[in-house]
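What follows is the residue order along each chain.
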Amino acid sequence: MKILVTGGAGFIGSNIVDALIAKGDKVSIIDNLSTGNKKNINPQSAFYKADISNEKKVFEIFKKEKPEIVIHEAAQIDVRKSVLDPAYDAKVNIMGSINILKAAQDSGVKKIIFASSGGTIYGECGAKAPDENVCGNPLSPYGIAKFSVEFYIKFYWQIYGLKYTILRYANVFGPRQDPFGEAGVVAIFAKRMLAGEDIFIYGDGKQMRDYVFVGDVVNANLKALTKGDNQIINIGSQKAVSVLELAKIMAEITGYTKKPVMKPKRAGELFKNFLNCAKAKKVLNWKPQYDLKKGIAKTIEFFDNQRSKE
Ligand SMILES: NC(=O)c1ccc[n+]([C@@H]2O[C@H](COP(=O)([O-])OP(=O)(O)OC[C@H]3O[C@@H](n4cnc5c(N)ncnc54)[C@H](O)[C@@H]3O)[C@@H](O)[C@H]2O)c1
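Residues numbered from 1 in each chain as written. Predicted model: local features only at pLDDT ≥ 70, side-chain atom pairs only at ≥ 80, totals over all residues.

## Digging into the sheet that holds strand E4 (residues 69-72)
Inclusion rule: The pairing criterion is simple: DSSP has to find at least two bridges between the two strands. To qualify as a helix, a DSSP run of H or I must reach at least 4 residues; to qualify as a strand, a run of E must reach at least 2; elements of each kind are numbered from the N terminus. Fitted lines through C-alpha atoms give the axes, limited to the stretch in contact for helices. The angle between two N-to-C directions lies from 0 to 180 degrees. Working definition of a contact: two residues with C-beta atoms, positioned from the backbone, lying within 7 Å.
The strand order across the open sheet formed by seven strands is E3-E2-E1-E4-E5-E6-E11, and the pairing between neighbours is parallel. The sheet is open, and its two borders are formed by strand E3 (46-49) and strand E11 (231-235), each paired with just one other strand. Strand-to-strand twist across the sheet, computed as the mean angle between neighbouring axes with direction ignored, equals 20°. With five bridges joining them, strand E6 (residues 163-169) and E11 adopt parallel strand pairing. Its bridge partner lying in E11, Arg168 is registered against Asn234. Contacts from helix H8 (residues 214-224) reach E4, strand E5 (111-117), E6 and E11, with the element oriented near 165° to E6.

So this is what it looks like as structure tokens:
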């Protein structure tokens with residue numbers, strides 16, 4: 001299959017590209033390398049350094065590549081940046097996504113798979129993990145943008161017949177995640193614990209998240225190539241784990257002995273977020289293959305190998 005992956009030099013996108021190429025697909029990438037890394041680019045892909053906000057350029061690439069399927073991962077991913085600069089967030093995450101949809105429709109793409117965000121669309125979760133029927137209540141411009149794009153995608157299906165699968169990821173972690181970014185606590189802790197540096201926890205550390213390993217997210221995307229048409233599907237572990245528990249598990253694996261440095265709570269941070277993933281099992285025949293410990297061990301192994309190369 002001919003597949004175009006936006007954000008294919010990034011953490012999740014590059015892992016998807018590698019899996020597609022390994023199974024024999026012909027892959028092209030659009031990425032502006034703002035947070036992506038040249039080292040992640042699979043040499044067997046056709047790489048275009050381009051910004052999804054540049055409509056003309058996006059159209060040119062789609063005309064040349066004529067993909068059958070688009071996996072749209074490119075985004076401004078920093079929630080805090082979206083709060084500070086909602087217009088920039090909307091420019092990339094809404095306007096850029098509209099460019100991708102327009103070019104896809106114009107060049108005869110059959111289906112788009114979109115990286116949405118279960119971690120921000122549902123807002124604060126109670127005792128029960130929300131399924132896809134729970135109404136969205138995003139609290140950040142980033143979440144608002146992701147939610148809006150879902151409606152544009154549905155519009156392109158209804159009006160132009162462009163099929164879609166929207167995957168609402170929980171907190172994704174694994175090899176290649178940026179350990180210097182604002183998101184990605186597993187990558188940040190891994191890098192700092194391996195270097196014997198302090199780790200920081202904001203608030204009381206009891207805030208809970210649903211952590212899903214990148215290999216499982218890749219697998220969900222592969223399944224969505226042929227399944228889950230015109231569906232919104234949560235992709236997570238369905239388990240809520242506190243930051244304190246996470247730090248404990250990671251300390252055990254790395255042999256880290258320092259106590260976390262506790263910092264004041266960050267304004268606007270959610271207390272609990274986790275996802276009901278029954279639909280993914282039913283519609284995509286997907287369930288996570290990595291439990292938290294196994295995924296963390298893989299991630300630590302990656303960062304440890306990287307350290308020895310530095
Ligand atoms: N990591 C998570 O926990 C998580 C959770 C939910 C959703 N998502 C979504 O998954 C997708 C991938 O995220 P990631 O964690 O791999 O982040 P990432 O920053 O590693 O990947 C994003 C990629 O998009 C590229 N990019 C950014 N702006 C661009 C632009 N204007 N034009 C072209 N390319 C651009 C970056 O260079 C990068 O390679 C994003 O859409 C993100 O919103 C991630």
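## A word on the site of the ligand
Operational definition: Placing the C-beta atom from the backbone, one calls a residue near a molecule or strand if that atom lies within 6 Å of it. The classification used treats Ala, Val, Leu, Ile, Met, Phe, Trp, Tyr, Cys and Pro as nonpolar, Asp, Glu, Lys and Arg as charged, and all other residues, Gly among them, as polar.
In the region of the ligand, 30 residues are neighbours, and Gly7, Gly10, Phe11, Gly36 and Ala75 sit closest. Secondary-structure elements contributing two or more residues to the shell around the ligand are helix H1 (11-22), strand E2 (26-31), helix H4 (86-106), E5 and strand E7 (171-173). Residue contributions to the shell around the ligand peak at three residues, all from H1. Its residues assigned to classes, the shell around the ligand shows 13 nonpolar, 13 polar and four charged.

## A few points about the environment of Phe200
What counts here: Any residue surrounded by 20 or more other C-beta atoms within 10 Å of its C-beta is treated as buried, while 12 or fewer makes it exposed and the intermediate range makes it partly exposed; C-beta atoms here are placed from the backbone.
Looking at the element boundaries, Phe200 is found in strand E8 (residues 200-202). With 13 C-beta atoms counted inside 10 Å, the residue Phe200 sits in the partly exposed group. Counting along the chain gives 89 residues from Phe200 to Lys111, while the straight-line C-alpha distance between them is 42 Å. When residues no more than four places from it in sequence are discounted, the contact partners of Phe200 are Val261 and Lys263.

## Remarks on helix H2 (residues 55-65)
So the rule is basically this: By arc we mean the arc of the directions from the helix axis to the C-beta atoms, nothing more.
Looking only at H2, the buried set comprises Val58, Ile61, Phe62 and Glu65. The buried residues of H2 all sit within an arc of 95° when viewed along its axis, so they share a single face. Turned more than 90 degrees away from the buried face of H2, the exposed residues are Lys56, Lys63 and Lys64. Against strand E1 (2-6), E2, E3 and H4 lie the buried residues of H2. Of the residues one or two after H2, Lys66 is the one with positive phi, at around 45°.

## Here's the deal with the pairing of E1
Rules: When the strands point away from the viewer and the connection leading from the first strand across the helix to the second strand turns clockwise, the crossover is called right-handed.
Counted residue by residue, E1 has four buried out of five residues, so it is predominantly covered. Where E1 meets E2, five bridges bridge the pair, whose relative direction is parallel. The partner of Lys2 across the bridge, within E2, is Lys26. In this fold, the crossover linking E1 to E2 by way of H1 has right-handed handedness. Inspection of the sheet shows E1 paired to E4 by four bridges, in the parallel sense. In the sheet register, Val5 faces E4, and the bridge partner there is Ile71.

## A word on helix H7 (residues 185-194)
Owing to its 3.6 residues per turn, the α-helix brings residues three or four apart onto one side. Of all ten residues that make up H7, seven are buried, and the element is covered over most of its length. Looking only at H7, the buried set comprises Val185, Val186, Ala187, Phe189, Ala190, Lys191 and Met193. Taken together, the buried residues of H7 touch E7, strand E10 (211-213), helix H9 (243-254) and helix H11 (292-309). Positive backbone phi, at 70°, marks Gly196, one or two positions downstream of H7.

## What to know about the domain arrangement of the chain
Here is the rule: Boundary definitions for the domains trace back to an automatic or database domain assignment.
Taken domain by domain, the chain consists of domain 1 (2-172 + 213-235 + 280-284) and domain 2 (173-208 + 240-275 + 289-309). Measuring from the centre of the C-alpha atoms in domain 1 to the corresponding centre in domain 2 gives 25 Å. Contact residues are listed per partner, giving 26 residues for domain 1 and 19 residues for domain 2. When contributions to the side of domain 1 that touches domain 2 are tallied by element, the ones reaching two or more residues are H1, helix H3 (79-84), helix H5 (118-121), E7 and H8. Of the residues contributing to the side of domain 1 that touches domain 2, the split by class is twelve nonpolar, ten polar and four charged.

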